[in-house]
Amino acid sequence: MFSSYKKDDVNILLKDITGQLKPLSTDERERLIQGGLHYSETLPLEYEPSAQYVKVYEEALKRYAPITAQAVGTAAEKILKFHGNNVVLVSLARAGTPIGILLKRYLDKKYNLCVPHYTISIIRDRGIDKNALDYILERHSAKDVRFVDGWTGKGVIAREVKKAVNGYKGLNAGLAVLSDPAFAAEICGTHEDFLIASSLLNCTVSGLLSRTVLRSDLIGEKDFHGAAFYSHLKDKDRTYGFIDTVEKYFDFGAPCEEEKCECVSGLEEVSRICKDFGIDDVNLVKPSIGEATRVLLRRVPGKMLVHSLDDFPHLGHIYTLAEEKGVTVEEYPLKNYKACGIIQKISDI
């Protein structure tokens, strides 16, 4: 098991490609992606957070652990009500993995249910890892499987899951997430765009695993999708700092019922942003706090849109990163989201 996750928490269905793919700088990788190379064929250099940014992360974890724990409980109760005791959690690597562990621990602590938990790869425009999915379905009933991720941005992965399960009889395509501002998941803890602290870091809050890779020279027809293990970052690993902190706030009382709200779909809001800023490629627009953070960490950011320039409790880390990278932060009337990252078009640089 090539990660810092505990074996009792998750069964990782990924191929170890450690050392077989050289990570690229952000600028180099962005040029390749916008030039037509699929993002799953490269690995980014892992962002080394500054001392100021680590402080922002620790403050965010402390502030949002109770809200995250509440969302875990609400989502777990909905999952149990839908599937019953035989549920099988299948988290989407890598952001979904710590969330799957939290859901598993909640069900164990409250109901003494030791539910199976796997993590597998799904890649935009390439689909789900069918070898990993077949592995799971050889061992469990399709009706018991529930796919898990952290949050929804535009809802792309939720739609990717729906496409991927076509042809699998009895397999439910609905995604379970903690935060669903795109209104794209079947089960969620809340529709609020709140800060899940794990979105602020990369591998050091995800078992020291890279994002998943799919390229023919590394992944054979019968292989699982690949990932690299960054063991050299062991002393900076905060994976269980995140999981254990959120777990301390589990409340096993009645789950919180979410207030109904009237919002547009995530795609409608993204379409409006594209129109207002003259953007012709929807993939350059990344709405939600989690996705905006990823733009600052992994991509070449052009601009950050925020619902308020004064929302330091929710967006302090975005202000910090944007200042470090010299990125403009602009107030914009967002409806579903508190933040949205816009990737710089390489031809405009």
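The structure reproduced in this document is the subject of the present report. (Residues numbered from 1 in each chain as written. Predicted model: local features only at pLDDT ≥ 70, side-chain atom pairs only at ≥ 80, totals over all residues. Heavy atoms only, no water.)

1. Thoughts on the overall build of the protein
Note the following rule: Secondary structure elements follow DSSP: runs of H or I no shorter than four residues count as helices, runs of E no shorter than two count as strands, and numbering proceeds from the N terminus. The globule rule used for comparison is 2.2 Å times the number of residues to the exponent 0.38, while the radius of gyration itself is calculated over C-alpha atoms. Under the scheme applied here, a residue whose accessible area is under 20% of the maximum for its type counts as buried, over 50% as exposed, and between as partly exposed, the area being computed with a 1.4 Å probe on protein chains only. Note on contacts: a residue pair is in contact if any heavy atoms of the two residues lie within 4.5 Å. In short, Shrake-Rupley with a 1.4 Å probe defines the accessible areas, and a residue's cover is counted only from the protein chains shown. The charge count treats Lys and Arg as positive and Asp and Glu as negative. His and the chain ends do not count. Throughout, a charge is located at the NZ atom of Lys, the CZ atom of Arg, the CG atom of Asp or the CD atom of Glu.
Scanning the protein from N- to C-terminus turns up 9 helices and 13 strands. For the protein, whose C-alpha radius of gyration is 19 Å, the value lies close to the compact-globule estimate of 20 Å for 349 residues. The 349 residues of the protein split such that 58% are buried. Counting contacts in the protein only where the partners sit at least 6 residues apart, residues at least 24 apart contribute 79% of the total. Within the structure as shown, the protein displays about 15,100 Å² of accessible surface, and the carbon and sulfur contribution to it stands at 48%. Positive and negative side-chain charges in the protein, numbering 46 and 49 respectively, have mean positions lying 3 Å apart.

2. A word on the pattern of salt bridges
Selection criterion: Salt bridges are defined as contacts in which a side-chain nitrogen from Lys or Arg sits within 4 Å of a carboxyl oxygen from Asp or Glu.
One pass over the full model with this rule turns up 20 salt bridges. Taking the shortest distance from any N to any O, the salt bridge between Lys15 and Asp223 comes out at 2.9 Å. Of this pair, Lys15 sits in strand E2 (residues 15–16) while Asp223 sits in the loop between strand E8 (187–190) and strand E9 (226–227), placing them 208 residues apart in sequence. In this structure Lys15 comes out as partly exposed when scored by relative accessible area, which is 26%. What makes Asp223 partly exposed here is its relative accessible area of 25%.

3. A short note on the packing of helix H3 (residues 96–111) against helix H6 (residues 239–247)
Each pair of packed helices can be described by the angle between their axes along with the distance between the axes. How we decide: Every axis in this analysis is a line fitted to C-alpha atoms, fitted for helices over the stretch in contact. Angles between the N-to-C directions lie between 0 and 180 degrees. Helix crossings are classified by the rotation of the near helix relative to the far one: an anticlockwise turn of less than a right angle makes the crossing left-handed, while a clockwise turn makes it right-handed. The classification used treats Ala, Val, Leu, Ile, Met, Phe, Trp, Tyr, Cys and Pro as nonpolar, Asp, Glu, Lys and Arg as charged, and all other residues, Gly among them, as polar.
Put simply, H3 and H6 touch, their axes get as near as 10 Å, and they point 35 degrees apart. The handedness of the crossing between H3 and H6 is right-handed. Contacts from Pro98, Ile101, Leu102, Arg105 and Lys109 in H3 reach Tyr240, Phe242, Ile243, Asp244, Val246 and Glu247 in H6. Taken together, the residues that form the contact of H3 with H6 break down as 7 nonpolar, no polar and 4 charged.

4. Some remarks on helix H4 (residues 130–137)
Quick note on the threshold: The arc in question is the one spanned by the directions pointing from the helix axis to the C-beta atoms. A 3.5 Å cut-off defines polar contacts: any pair of N or O atoms within that distance qualifies, except that in protein one atom must be a possible hydrogen donor and the other a possible acceptor, and neighbouring residues in sequence count only when both atoms are side-chain atoms.
Taken together, the buried positions of H4 are Ala132, Leu133 and Ile136. Axial view of H4: buried residues confined to an arc of 100 degrees, hence all on one face. The inward-facing, buried residues of H4 abut strand E3 (88–93), strand E4 (117–123), strand E5 (127–128) and strand E6 (145–148). Taking the backbone nitrogen of Asn131 as reference, a side-chain oxygen 3.1 Å away marks Asp129 as the first, capping residue of H4.

5. Details of the packing of aromatic side chains
Threshold: Each Phe, Tyr or Trp ring, with Trp reduced to its six-membered ring, pairs with another whose centre is within 6.5 Å; inter-plane angles below 30 degrees give stacked pairs, above 60 give edge-to-face pairs, and intermediate values give tilted ones.
Using the criterion set out here, one finds 8 aromatic pairs in the structure. Measuring from ring centre to ring centre gives 6.5 Å for Tyr5 and Tyr240, while their planes differ by 75 degrees; the resulting arrangement is edge-to-face. One end of the pair, Tyr5, is in the segment before strand E1 (11–12); the other, Tyr240, is in helix H6, with 235 residues separating them in the sequence. Assessed through its relative accessible area of 13%, Tyr240 is described here as buried. Judged by centre distance (5.2 Å) and plane angle (45 degrees), the rings of Tyr106 and Phe252 are tilted. You can see Tyr106 sitting in helix H3 and its partner Phe252 sitting in the loop between H6 and helix H7 (266–277), a full 146 residues away along the chain. Residue classification places Tyr106 among the buried positions, given a relative accessible area of 1%.

6. Here's the deal with the pairing of strand E13 (residues 339–343)
Heads up, the rule is: For two strands to count as paired, DSSP must find a minimum of two bridges between them.
Among the 5 residues in E13, 5 count as buried, and that is most of the element. Here E13 shows no split at all, with Ala339, Gly341 and Ile343 on one side and Cys340 and Ile342 on the other all buried. Two strands pair when backbone bridges link them, and strand E10 (residues 285–287) and E13 are joined in this way by 3 bridges, in the antiparallel orientation. When the sheet's bridge partners are listed, Val285 is paired in E13 with Ile342. Pairing analysis gives 5 bridges linking strand E11 (residues 301–306) to E13, with the strands arranged antiparallel. In the sheet register, Leu305 faces E13, and the bridge partner there is Cys340.

7. Re the sheet that holds E10
One open sheet accounts for 4 strands, arranged E10-E13-E11-E12; its pairing is mixed. The open sheet is flanked by E10 and strand E12 (328–331), the only strands paired with a single partner. For this sheet, the mean inter-axis angle between neighbouring strands, taken without regard to orientation, is 20 degrees. Contacting E10, E11, E12 and E13, H7 runs over the sheet at an angle of about 135 degrees to E10. With respect to the sheet, helix H9 (residues 312–325) is in contact with E11, E12 and E13, its orientation differing from that of E11 by roughly 150 degrees.

8. What about H7?
Counted only if it meets this: What a helix should span is 1.5 Å times the count of its residues minus one.
Here H7 spans 17 Å end to end across 12 residues, near enough to the 16 Å set by a 1.5 Å rise per residue. Where H7 is concerned, the buried positions are Gly266, Glu269, Val270, Ile273 and Cys274. Projected down its long axis, H7 carries its buried residues within an arc of 140 degrees, all on one side. Exposed residues pointing more than 90 degrees away from the buried face of H7 are listed as Glu268 and Lys275. Buried positions along H7 lie against E10, E11 and E13. Positive phi shows up at Gly278, right after H7, with a value of about 65 degrees.

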